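So the chains spell out like this:
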Amino acid sequence: MELSDHSVRIVSTGRTPYFALNLKSGHLITTERIDREQICGRIEKCLLIFEVLIEDEVKIFAVEVEITDINDNAPSFQAKELDLKISEITAVGTRISLQEAQDPDVGINSIQSYQLSNNKHFSLDVQTGSDGVKYAELVLEKSLDRETQSVHKLTLTAADGGDPVRSATAQIRVVVVDANDNAPLFSQPVYNVSVLENAPRGSLIITIHATDRDEGQNSEVTFSFRKITEKASQIFQLHPRTGEISTVGDLDYEEASLYEMEVEAKDIGDLSARCKVLITLIDVNDNTPKIAMTSLFNSVSENSPPGTVISILNLRDRDSGKNSEVTCSIPANLPFRLQKSFGNYYSLVSDTSLDRERVSNYSITITATDRGTPPLSSATNILVQLSDINDNAPIFNQTSYTLYITENNPRGASFGSLKANDSDLEENARVTYSINEGHINEAPLSSISINSETGALYALRSFDYEQFREIRFQVQAQDGGSPPLSSNVSVTLFILDQNDNSPHILHPSFPTDGSTGVELAPRSSEPGYLVTKVVAVDADSGQNAWLSYQLLKATEPGLFSVGLHSGEIRTARSFVDKDALKQSLVVLVKDNGQPPLSATATVTVVVADSIPEILSDLSSLSAPADPQSSLTLYLVIAVASVSCLFFTFILVLLVLRLRRWRNSQLFDSSNVTFSGVPVSQFVGIDGVRAFLHSYSHEGSLTTDSRKSQFNFFKSNYANTVTSQQTCVIKDPILVTEDLNISNGDQTSIQVR
């Protein structure tokens, strides 16, 4: 596997990149010409330090490369010609310092030897200083005689120890002078001084002192830098008369912490002495810490575990000591922390679980502070974006929904909308809706549909309140994540009633043979006497099923009244002789819907105390004034005759029934008489068969049940039931009729 697969790279630290990494072979190659002298100067061990970062494993390795010296620099003298003046009285053995040859190389490749051309008066003594640098001194071996030879020309050769050997030469011209036989003398061989790096320009650093025991002009001493680097010569200056060393440039501890130089003192006779001056800079906290991002992951998944690396930081401070000690911090209210890796490297990692729905991104301010006095700090900002995962299911706005639709709705009508919200993002938050399950009153689920995108609900059929009252089903909301998450909600659809059913008349029932029902009212009835009751039901519900009754038409207005809500037809006054024998009443039954629906019932009331009286009264009726009166009279006589025959048949049938019931012990009494008028009688009038019910009863019917109940109450008339009786109707349609009559206090009529 190649290094590029691991995202390996060299971390730049701001200096010139001398090396590069071959990602295919793994070799470290140079990118620039490496000059050890330019990089490290006179430092013995030259090291280049850099870091290698493996991004996918978030690891950093420190690499040190040592630059070894080669003999690529020849020695050189600062001056190719050197003039020396030596008094003729100079004692034998006097040493005269010669200029040193310069060689940027180090070790064996630096200056190793000096040689002097052959002569009679001088020899060369090579010394090694405490810093390991070799320097040459000219030693007077034989007294000089200016008169014999005033000038001596010598050749000084400096050679290094490289292979091959490199060398340089300088010409020395020795001028012999008189009298000045004492050289200057410094007060100390080495001067040490410390100065703050923020010292302003022109600051006095140190004053050196040198004396000459000669007198007069021979005792006058001048100072000069004998050995100084180019950088130091731009910062420091030496006063030739006073020996004061002051600054002419800016000091910077981070550029150089120590300056070493040699000062030479010469008298008028060119006798000289030298001393060393060591200037040490004291660091001040003048550099703010720097934060470098070596690796940064701007987007982090919200399900990343605690300890996930967000970024790798490198802290640098160019100061030294405590001034370079840097601490790093972030705000305490963030779910992140900083942990030290090694050296000045820190890792920004997650400290707790992250939740994008709570906080979608974090702006993290990283502050680096040194320990200087006063402390300096710098800050950088990192924006960490949390990427979404599908960790939230859709949530409906309500825990359950109750919706309404009016019956007889058009197909495709919308009756409501559901809404579910998902706090995730993009595809994870895209919600689709579907009907999960539902059933009530055998209503098919296919009668309802939902828009999968908007959650709008539609009715695919027209509902009938009388068939279905409510439909319960569940709607599922599912997001588009992988894997998808979903939630369900219960929906109850109530079908609202419309006034689409007219009242249905149960009593008086409409005969199938074309006859009209006739009710009997005694002539002696007092006002308020219950003649009959109109019973009606409405298949609707609520106000649409609230029924009211009113008398629409009557033969004798004011003779009868109808209960507004009970439907009871009662006498409003006593009968008088002029009242017609047959009273025809039209009762309007109306519901309370909007608009209201109605039905009418026609009730015929015959005023008579008994059936024979009915027949006699009918036969004695005078012919009406209209042209059809003769025909009506003949019809009444024919109907009365047929009714008498039919009444005889009924009496025989009742006797047979009474005998069968006695044998089956259904009655407590063994004697049956017909002195009491039966509850119902069949009377033929106008060729119509009428079924006369009792005149005092109460009915209770419901639309949801196939059973109804009638309660009959005791009356003081001879042709009514003498005590309370109950009638249970199991089916609105009369199939068979059983009539049970006894002499007791209770009569039961059961209709199946």
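Residues numbered from 1 in each chain as written. Predicted model: local features only at pLDDT ≥ 70, side-chain atom pairs only at ≥ 80, totals over all residues. Heavy atoms only, no water.

A. A look at the overall build of the protein. A tally of helices and strands in the protein yields 4 helices and 56 strands. The buried share of the protein, taken over its 752 residues, is 39%. Accessible area for the protein stands at about 40500 Å²; split by element, carbon and sulfur atoms hold 50% of it. (Helix = DSSP H or I, 4+ residues; strand = E, 2+ residues; numbered from the N terminus. Buried < 20%, exposed > 50% of the residue type's maximum accessible area, 1.4 Å probe, protein only. Areas by Shrake-Rupley, 256 points an atom, 1.4 Å probe, with all protein chains shown as cover.)

B. Layout of the side chain of Glu100. With respect to the element layout, Glu100 can be found in the loop between β8 (95-97) and β9 (101-102). If we skip the residues at most four places from it in the chain, Glu100 touches Ser76, Phe77, Tyr114, Val133, Lys134, Tyr135, Arg226, Lys227 and Arg274. (Contact = heavy atoms within 4.5 Å.)

C. How the structure looks around the sheet that holds strand β13 (residues 151-160). Across the sheet, 4 strands lie side by side as β7-β14-β13-β10; this open sheet has mixed pairing. What marks the edges here is a single partner per strand, and that holds for β7 (81-87) and β10 (111-116). Mean inter-strand twist for the sheet, computed between neighbouring axes without regard to direction, equals 25 degrees. (Pairing = 2+ DSSP bridges. Axes fitted to C-alpha atoms, helices over the stretch in contact; angles between N-to-C directions.)

D. Up close: the pattern of salt bridges. Tallied over the entire structure, the rule returns 17 salt bridges. When the shortest N-O distance is used, the salt bridge between Glu137 and Arg95 registers 3.1 Å. Taken as a pair, Glu137 in strand β12 (residues 134-140) and Arg95 in strand β8 lie far apart in primary sequence, 42 residues in all. We classify Arg95 as partly exposed; its relative accessible area is 44%. Notably, a salt bridge pairs Glu427 with Arg430, separated by 2.9 Å at the nearest N-O pair. When its relative accessible area of 37% is taken as the criterion, Arg430 is described as partly exposed. Salt bridges linked by common partners bring Arg95, Asp125 and Glu137 together as one network. (Salt bridge = Lys/Arg side-chain N within 4 Å of Asp/Glu carboxyl O.)

E. Broad picture of the pairing of strand β40 (residues 486-496). In this structure, strand β33 (residues 400-406) lies alongside β40, joined through 7 bridges in parallel fashion. Counterpart to Ile405 in the pairing with β40 is Ile495.

F. Representation of the packing of aromatic side chains in the model. If you walk through the whole model with that rule in mind, you get 9 aromatic pairs. Taken together, a centroid distance of 6.2 Å and an interplanar angle of 75 degrees make the contact between Phe396 and Tyr401 edge-to-face. Taken as a pair, Phe396 and Tyr401 share a single burial class, namely buried. Aromatic side chains Tyr404 and Phe494 sit 5.7 Å apart centroid to centroid with 25 degrees between the ring planes, which places their arrangement in the stacked category. (Phe/Tyr/Trp six-rings, centres within 6.5 Å; stacked < 30°, edge-to-face > 60°.)

G. Spotlight on the sheet that holds strand β31 (residues 377-387). Read across the open sheet, the 4 strands follow the order β25-β31-β30-β27; overall the sheet is mixed. The open sheet terminates on both sides in strands that have one partner only, identified here as β25 (299-301) and β27 (326-329). If you compare each strand with its neighbour and ignore which way they point, the axes differ by 30 degrees on average.

H. Main features of the nonpolar core. By size, the foremost hydrophobic cluster in this structure holds 26 residues, and its most contacted members are Phe186, Phe223, Phe236, Val277 and Ile279. Every element with two or more residues in this core is listed here: β16 (190-196), β17 (204-207), β20 (236-238), β22 (258-266) and β23 (272-282). With 5 residues, the top contributor of residues to this core is β23. Apart from residues no more than four positions distant in its own chain, Phe186 is found in contact with Tyr191, Ile208, His209, Ala210, Phe223, Val263, Glu264, Ala265, Ala273, Arg274 and Cys275. One finds Val431, Ile450, Leu457 and Val491 within the second-largest nonpolar core, a separate group that totals 24 residues. (Core = buried A, V, L, I, M, F, W, Y, C linked by side-chain atoms within 4.5 Å.)

I. Broad picture of unusual backbone geometry. The linkage connecting Thr373 with the following residue, Pro374, adopts the cis geometry, with an omega of -5 degrees. Relative to the elements of secondary structure, Pro374 occurs in the loop between β30 (361-370) and β31. Along the chain, His507 connects to Pro508 via a cis peptide bond; the corresponding omega equals 0 degrees. Within the secondary structure, Pro508 sits in the loop between β41 (504-507) and β42 (518-521). For Glu426, which is not a glycine, the phi torsion comes out positive at approximately 50 degrees. Locating Glu426 in the fold gives a position in the loop between β35 (420-421) and β36 (432-438). Residue Glu426 is classed as exposed on the basis of its relative accessible area of 74%.

J. Inspection of the environment of Leu47 at higher detail. With respect to the helices and strands, the residue Leu47 is situated in strand β4 (residues 46-54). Leu47 sits 11 residues away from Arg36 along the chain, and the two C-alpha atoms are 9.3 Å apart. Not counting residues within four places of it along the chain, the set of residues in contact with Leu47 comprises Cys40, Glu64, Val65 and Glu66.

K. Up close: the environment of Asn392. For Asn392, the location among the structural elements is in the loop between β31 and β32 (395-396). Given the relative accessible area of 21%, Asn392 is considered partly exposed. The spacing of Asn392 and Ser486 is 94 residues in sequence and 9.0 Å in space, taken between C-alpha atoms. Looking at Asn392, its side chain comes within polar contact range of the side chain of Asp391, at 2.8 Å. Engagement of the side chain of Asn392 in a polar contact is seen with the side chain of Ser423, the distance being 3.5 Å. (Polar contact = N/O pair within 3.5 Å; in protein donor to acceptor, adjacent residues only side chain to side chain.)

L. Seen up close, the side chain of Asn409. When you line up the elements, Asn409 lands in the loop between β33 and β34 (413-417). A distance of 3.1 Å separates the side chain of Asn409 from the backbone nitrogen of Phe463, its partner in a polar contact. Non-local contacts of Asn409, meaning those with residues more than four positions away in its chain, are made with Ala459, Arg461, Ser462 and Phe463.

M. The environment of Phe223, seen in detail. Structurally, Phe223 is set in strand β19 (residues 222-227). For the pair Phe223 and Lys266, spaced 43 residues apart in the sequence, the C-alpha separation amounts to 6.7 Å.

N. View of the confidence of the model for the protein. Across the protein, pLDDT averages 78, with 81% of residues at or above 70. The least confident element of the protein is strand β56 (residues 749-751), whose mean pLDDT is 30; the most confident is β20, at 95. A low-confidence stretch, residues 619-629 (pLDDT under 50), is modelled with 4 contacts involving residues beyond four sequence positions or located in other chains. Low confidence marks residues 665-752, where pLDDT is under 50. Its contacts with residues over four positions away, or in another chain, come to 192 contacts. (pLDDT = per-residue confidence, 0-100.)

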